[in-house]
Amino acid sequence: MPTTFTLGAIPGATPGKWIDTWKERMPRTALELVPLAFADQRRALREGELDAALVRLPIAGEGLHVIPLYDELPVVVVAKDSHLTAADELDTADLDGEVLIVPEDDVLGILPAPSGRWGPVPGTVVPRFAPPADTAEAIATVAAGVGIVVVPMSLARLHQRKDVEYRPLRDGPTSTVALAWDAEHTTPAVEAFVGIVRGRTANSSRG
């Protein structure tokens, strides 16, 4: 009876190439990909729901092994008719005075400063309405012509709509995607997946 390796993945993660390699090298062990909310990533690993997970940093590292994989540059999501679409790329200075919507599932750690402006995106204004529950709702609000949203590019692509566009934000806050697993449950299957992610060949050692 084949065993199963359970891999969690936060929205926007793209583990496809690693899964393809896994299927080639580990045909007797099925890989189950489980969608993982950013807010649940530490709990799911701690409670043993997953063998490993693609997470977004920061994550409470006690008891975990964490391997940073790549940094995602942020983008600004704007309404299709916004003046901000005139540029191919933006700086935070271009966003001065814009209403920045930060959803409750924000992954960039955007917190308001005492001045009523957003700290990591200075010059932007905190909305007078409650934060949307998630990124999809925030982008729908932008599509209606209210404010802007700053998210990693993968989330902008995940929630792409015909009535919004996005532009890279050169000096905005980045999001680091990492591989994490419970240190006390470093199984041979986990070690095999770590090797795949790190680019080891099938015949290479763990060194």
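The coordinates are above.
To start, this report covers the structure provided alongside it. (Residues numbered from 1 in each chain as written. Predicted model: local features only at pLDDT ≥ 70, side-chain atom pairs only at ≥ 80, totals over all residues. Heavy atoms only, no water.)

### Description of the sheet that holds strand S5 (residues 74–79)
Inclusion rule: DSSP calls a pair of strands paired once it identifies at least 2 bridges connecting them. Comment: elements are numbered from the N terminus, with helices defined as DSSP H or I runs of at least four residues and strands as E runs of at least two. Throughout, an axis means a line fitted to C-alpha atoms (over the contacting stretch in the case of helices), and angles, computed between N-to-C directions, take values from 0 to 180 degrees.
Spatial strand order, S6-S5-S7: 3 strands in an open sheet with antiparallel pairing. Strands with a single pairing partner mark the edges of an open sheet, and in this sheet they are strand S6 (149–152) and strand S7 (164–168). Averaged over all pairs of adjacent strands, the angle between their axes in this sheet comes to 35°, without regard to strand direction. Bridging between S5 and S6 involves 4 bridges; their strand directions are antiparallel. Paired with Val77 across the bridge in S6 is Val149.

### Digging into the environment of Ala140
Assignment of secondary structure puts Ala140 in helix H3 (residues 135–143). Separated by 21 residues in sequence, Ala140 and Arg161 have C-alpha atoms that sit 8.4 Å apart.

### Focus: the side chain of Thr176
The condition is simple: Each polar contact in these results corresponds to two N or O atoms within 3.5 Å; when the atoms are within protein, one needs to be able to donate a hydrogen and the other to accept it, and residues that are neighboring in sequence are counted only if both atoms are side-chain atoms.
On the secondary structure map, Thr176 appears in strand S8 (residues 175–182). A distance of 2.6 Å separates a polar atom in the side chain of Thr176 from a polar atom in the side chain of Asp71.

### What to know about the packing of helix H1 (residues 16–25) against helix H5 (residues 188–197)
In plain terms, the rule: An angle below 35 degrees is treated as roughly parallel, one above 145 as roughly antiparallel, one from 65 to 115 as roughly perpendicular, and anything else as oblique. Crossings are sorted by hand: turned counterclockwise from the far helix by less than a right angle, the near helix makes the crossing left-handed, and turned clockwise it makes it right-handed. Residues count as neighbours in contact if any of their non-hydrogen atoms are within 4.5 Å of one another. Residues are grouped as follows: nonpolar covers Ala, Val, Leu, Ile, Met, Phe, Trp, Tyr, Cys and Pro; charged covers Asp, Glu, Lys and Arg; every other residue, Gly included, is treated as polar.
Here H1 crosses H5 at 125°, and the two axes come no closer than 10 Å. In terms of orientation, H1 lies oblique with respect to H5. Classified by chirality, the crossing of H5 by H1 is right-handed. From H1, Trp18, Thr21, Trp22 and Arg25 reach across to H5, where they touch Ala189, Ala192, Phe193, Ile196 and Val197. Here the residues of the contact of H1 with H5 sort into 7 nonpolar, 1 polar and 1 charged.

### Topic: the environment of Lys162
Assignment of secondary structure puts Lys162 in the loop between helix H4 (153–158) and S7. For the pair Lys162 and Ala144, spaced 18 residues apart in the sequence, the C-alpha separation amounts to 12 Å.

### Re the pattern of salt bridges
Condition: Any carboxyl oxygen of Asp or Glu within 4 Å of a side-chain nitrogen of Lys or Arg constitutes a salt bridge here. Remark: exposure states derive from per-residue accessible area (1.4 Å probe, protein chains only) relative to the maximum for the residue type, with buried under 20%, exposed over 50%, and partly exposed in between.
A complete count under the given rule lists 8 salt bridges for this structure. A salt bridge links Glu49 to Arg43; the nearest nitrogen and oxygen atoms lie 2.6 Å apart. For Glu49, a relative accessible area of 44% translates into the label partly exposed. Its relative accessible area of 28% is what places Arg43 among the partly exposed residues. Among the ionic pairs, Glu72 bridges to Arg56, the shortest N-O distance being 2.9 Å. Residue Glu72 is located in strand S4 (residues 64–72), and its partner Arg56 is located in strand S3 (residues 52–56); the two are separated by 16 residues in the primary sequence. Take Glu72 and Arg56: they sit in the same class, and that class is buried.

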